Amino acid sequence: MSELFERIGEMMMAAERVAVLTHMDPDADAIGSAAGLALMLEARGKEVLVPVQGLIRDVVDWLRPEEILRRAWPAEFQPDLIVVVDCSDGARIGGVVAEPLGAFPGVAVINIDHHAGNRMFGDVNWVIEGLSSTCEMMVDFARGVGWDMDERVAGYLLAGIVSDTGRFQYSSTTPATMETAAFLMAKGADLAKINQALELRMTIEGIQLWGEVMSEAALAFDGRVVWSAIRLAGYEDEAKMAGLLSREMVSFLRRQATAEMAILFKEEEAGVVRLTMRSQGAFDCGRVARHFDGGGHKAAAGGQVMGSLEEARLAVWKYLAEEMFE
C-alpha cells in the first residue's frame with residue numbers, strides 16, 4: 001500500500017490544478033472525501049476545483065462547504081490531474097460539464113472508491129471494496145504520506161464515516177474504522193455536532209409526505225421485502241425534499257420485522273423512477289442496484305428504472321423472483 005500511496009501523492013504534488021469529482025447527488029461520504037482532499041491539496045499550494053451536481057443535503061454547513069463546492073466549471077480551469085472519489089462508475093460522475101473524464105484528453109485520472117463493482121476507469125485505481133467509506137480511505141492516505149490535517153478537514157472526513165457506517169451500525173464498521181474516527185476526533189472533529197446534523201429536520205410538507213409514504217408501505221415475497229413509493233404528482237414543491245428524504249425513509253422501512261430488504265421507488269420525473277434500497281443480513285442490494293443502472297454496497301444501494309412507478313416495480317419484482325429469491 002505504501003508504494004500506491006507514494007505514487008498517488010507524487011501525482012498530486014506534481015499537478016498545479018486538480019479537479020476533484022464525485023457522484024451525482026453526493027452524500028456525506030462523497031462530499032466529505034472530496035472536500036477533505038481539496039482542503040489538504042489547497043494547503044499544499046494546489047488550485048482545486050470541486051464541481052458537484054444534483055441534490056445536496058446540508059449536513060456540514062458549519063464547515064463552510066459553499067467555499068469549496070462549485071455548481072459550475074469555469075471555462076478557464078484546465079486541470080493537470082483529475083481525482084474521482086466515492087464513485088464506482090465514470091458515467092455517474094456529477095462533474096457539471098458533460099463527460100468530464102473525456103473532456104480533458106491526456107489528463108491522468110485517479111479513482112479512489114470503496115464500492116463493490118467499481119469499473120476501474122482511472123489511470124490509477126485505488127479501490128477497497130467493503131471498506132466503511134471513502135473518507136476512511138482518505139484518512140489512511142493522508143496518514144500514509146504524512147499529510148497533516150486541521151479541524152475542518154477532520155470534520156469533513158468524520159462526517160462521511162459516520163454517515164456511511166449508519167453511525168457505526170453497519171457490518172463495514174471495523175476496529176480500524178473506530179480507530180480512524182478517534183484519530184479524527186483528536187484532530188478536532190465534533191462527533192456530537194455531526195450526529196445532530198445527520199438528524200433529519202423536515203418542513204411540515206416533508207412530514208406530511210413521510211406520513212403518506214409510510215401509510216402505503218407493503219410487503220412482498222412472503223414478507224422478505226418491504227416497499228413504498230414517492231409519487232411526483234402533488235409534491236412538485238417538495239420534489240427536492242423528497243429526494244433528500246428517500247434515504248431516511250427507506251432506512252425506516254428497513255425496521256420492518258420480517259424484511260430482508262427495503263425498497264423505496266421515487267418518481268423523479270415522468271418516466272424515470274429512482275430506486276433507493278437498504279438490506280440487512282445476507283441480502284445484497286448492491287447486486288440489485290448494479291442490474292438497474294446503479295451501484296452501492298451490500299447494505300445500501302440505489303438504481304434507476306425507466307418507466308412508470310408500476311412498470312419499475314414489476315421490473316424489480318421480476319429480477320428479484322428470477323435472481324434473488326429463486
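This text goes with the structure placed above it.
Presented here is an overview of the structure given in this document. (Residues numbered from 1 in each chain as written. Predicted model: local features only at pLDDT ≥ 70, side-chain atom pairs only at ≥ 80, totals over all residues. Heavy atoms only, no water.)

**Considerations on the pattern of salt bridges**
Here is the rule we go by: What makes a salt bridge here is a side-chain nitrogen of Lys or Arg within 4 Å of a carboxyl oxygen of Asp or Glu, nothing more. Put simply, DSSP H or I for four residues or longer makes a helix, DSSP E for two residues or longer makes a strand, and each gets a number counted from the N terminus. Buried means the residue's accessible area, taken with a 1.4 Å probe over protein chains only, is under 20% of the maximum for its type, while exposed means over 50%, and partly exposed covers the values in between.
With the rule as written, the count across this model stands at 12 salt bridges. Between Asp-80 and Arg-17 there is a salt bridge, with the nearest N and O atoms lying 2.9 Å from each other. Residue Asp-80 is found in the loop between β3 (69-70) and β4 (81-85), and its partner Arg-17 is found in strand β1 (residues 17-21); the two are separated by 63 residues along the sequence. According to the relative accessible area criterion, Asp-80 is partly exposed, its value standing at 32%.

**Observations regarding the sheet that holds strand β9 (residues 261-269)**
Sheet strands line up and pair through hydrogen bonds in the backbone, either parallel or antiparallel. Selection criterion: The criterion for strand pairing is that DSSP finds at least two bridges linking the strands in question. In this analysis, two residues are considered to be in contact whenever any of their non-hydrogen atoms come within 4.5 Å of each other. The convention used is that axes are lines fitted to C-alpha atoms, helices contributing only their stretch in contact, and that angles between N-to-C directions extend from 0 to 180 degrees.
Here we have six strands laid out as an open sheet, ordered β7-β8-β9-β10-β12-β11, and mixed in their pairing. Bordering the open sheet on either side are β7 (218-220) and β11 (295-296), each of which pairs with just one other strand. Two elements, strand β10 (residues 272-279) and strand β12 (residues 300-306), share seven bridges in a ladder whose sense is antiparallel. In the strand pairing of β12, Arg-274 is matched with Gln-304. Here helix α10 (residues 309-324) sits on the sheet and contacts β7, β8 (225-230), β9, β10 and β12; the angle it forms with β9, its principal contact strand, is near 150 degrees.

**Comments concerning the side chain of Thr-165**
Definition in use: Side-chain atoms alone can form a polar contact between residues adjacent in sequence; in general such a contact is a pair of N or O atoms within 3.5 Å, and within protein one must be able to donate a hydrogen while the other accepts it.
As for its position among the elements, Thr-165 is in the loop between α4 (151-164) and α5 (175-186). Separated by 3.3 Å, the side chain of Thr-165 and the backbone oxygen of Val-162 make a polar contact. For Thr-165, the side chain forms a polar contact with the main-chain nitrogen of Phe-168, separated by 2.8 Å. Those residues in contact with Thr-165 that lie beyond four places of it in its chain are Ser-132, Tyr-170, Thr-173 and Thr-177.

**Examining the layout of surface pockets**
Just so we agree on the cut-off: Only protein atoms enter the 1 Å grid used here. Points where a 1.4 Å probe fits but cannot escape make up a cavity, open sets with protein on both sides within 12 Å along at least five of seven lines make up a pocket, and a residue lines them when an atom lies within 4 Å of a point. Grid points are joined across faces, edges and corners, and a volume is the space filled by probe spheres set on the points. Lys, Arg, Asp and Glu make up the charged group, whereas Ala, Val, Leu, Ile, Met, Phe, Trp, Tyr, Cys and Pro make up the nonpolar group; the residues left over, Gly among them, are polar.
Volume-wise, the second largest pocket comes out at about 260 Å³. Every residue lining the second largest pocket is listed: Met-24, Asp-25, Asp-89, Ala-91, Arg-92, Glu-268, Arg-274, Asp-293 and Gln-304. Residues of the lining of the second largest pocket, tallied by class, amount to two nonpolar, one polar and six charged.

**Quick notes on unusual backbone geometry**
The phi dihedral of Met-120 falls on the positive side, at around 50 degrees, and the residue is not glycine. Here Met-120 is to be found in the loop between β5 (108-113) and β6 (124-127).

**Things to note about the packing of aromatic side chains**
Two numbers describe a pair of aromatic rings. These are the distance of the centres and the angle of the planes. How we decide: To pair, rings of Phe, Tyr and Trp, with the six-membered ring standing in for Trp, must have centres within 6.5 Å; the planes then decide the type, stacked if under 30 degrees apart, edge-to-face if over 60, and tilted in the middle.
Under the defined criterion, the tally for this structure stands at 13 aromatic pairs. Ring centres of Phe-5 and Phe-141 lie 5.9 Å apart, and the angle between their planes is 85 degrees; this geometry places the pair in the edge-to-face category. Taken together, the residues Phe-5 in helix α1 (residues 2-14) and Phe-141 in helix α3 (residues 134-145) connect sequence positions 136 residues apart. You can call Phe-141 buried: its relative accessible area is 0%. The interplanar angle of 65 degrees and the centroid separation of 5.9 Å between the aromatic rings of Trp-210 and Phe-252 together place this pair among those described as edge-to-face.

**Examining the sheet that holds strand β2 (residues 47-51)**
Pairing is parallel across the open sheet formed by six strands, whose spatial order is β3-β2-β1-β4-β5-β6. The open sheet terminates on both sides in strands that have one partner only, identified here as β3 and β6. Looking at chain direction, β1 and β4 are connected through four bridges and run parallel. Paired with Val-18 across the two strands is Leu-81, which belongs to β4.

**As for the side chain of Arg-274**
Mapped onto the elements, Arg-274 comes out in strand β10. There is a polar contact of 3.4 Å between the side chain of Arg-274 and the backbone oxygen of Gly-303. Excluding residues that lie within four positions of it along the chain, Arg-274 makes contacts with Arg-92, Leu-264, Phe-265, Lys-266, Glu-268, Gly-302, Gly-303 and Gln-304.

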